[in-house]
Amino acid sequence: MEKRFGEFINEKRKGRGDNGGDVLLRDLAKAMGNMSVSYLSDIIKGRRNPPDKRLLEIMADVLSLTPEEKDEMYDLAGKERDEAAPDLPDYIMDENIPHVRAALRKANKKGLGDDFWKKVYDEIE
């Protein structure tokens, strides 16, 4: 079974607080603009959708996520919201790079899978 957003956040709270303690929900909620702890708890328990990109950025900062962990957090948030990972739409919709959308549509129509995208990824690296 794939990891859920809330499970991921709970895991990342452990040992990342001051003096090596856990990041408390109330501290995370406060950093997110005095969000209620119960609302944040509902998000973590999967009863509410993950927050928007702005709040995810705050969560990533408070939890001291690595770039790779942040990417995973975005992917999990997008999956649970049944939409693209929140860090991608601005890039995809940038009017200065229309070929991104064209390439994604062509790849989708042709049914290109992960093998194709792995080659693209490797080329970018």
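Before reading on, note that the structure itself is shown above.
Parameters and conventions
- Residues numbered from 1 in each chain as written.
- Predicted model: local features only at pLDDT ≥ 70, side-chain atom pairs only at ≥ 80, totals over all residues.
- Heavy atoms only, no water.
- Helix = DSSP H or I, 4+ residues; strand = E, 2+ residues; numbered from the N terminus.
- Buried < 20%, exposed > 50% of the residue type's maximum accessible area, 1.4 Å probe, protein only.
- Areas by Shrake-Rupley, 256 points an atom, 1.4 Å probe, with all protein chains shown as cover.
- Lys, Arg positive; Asp, Glu negative; His and termini not counted.
- Charge placed at Lys NZ, Arg CZ, Asp CG, Glu CD.
- Salt bridge = Lys/Arg side-chain N within 4 Å of Asp/Glu carboxyl O.

Side note on the overall build of the protein
Okay, so step 1: Of regular secondary structure, the protein possesses 8 helices and 0 strands.
Okay, so step 2: In the protein, the succession of helices and strands from N to C terminus is α-α-α-α-α-α-α-α.
Okay, so step 3: Viewed in the frame of its principal axes, the protein has a C-alpha envelope of about 50 × 30 × 25 Å.
Okay, so step 4: A buried classification covers 30% of the 125 residues belonging to the protein.
Okay, so step 5: Just so you have it, the protein exposes about 8,800 Å², and 48% of that area is on carbon and sulfur atoms.
Okay, so step 6: Averaging the locations of the 23 positively and 27 negatively charged side chains of the protein gives two centres separated by 4 Å.

Re the pattern of salt bridges
Okay, so step 1: Here the structure, examined in full by the defined rule, presents 11 salt bridges.
Okay, so step 2: Linking E72 and K3 is a salt bridge whose minimum nitrogen-to-oxygen distance equals 3.9 Å. One end of the pair, E72, is in helix 5 (residues 67-81); the other, K3, is in the segment before helix 1 (5-13), with 69 residues separating them in the sequence.
Okay, so step 3: Take E72: its relative accessible area is 32%, and that puts it in the partly exposed class.
Okay, so step 4: Residue classification places K3 among the partly exposed residues on the basis of a relative accessible area of 25%.

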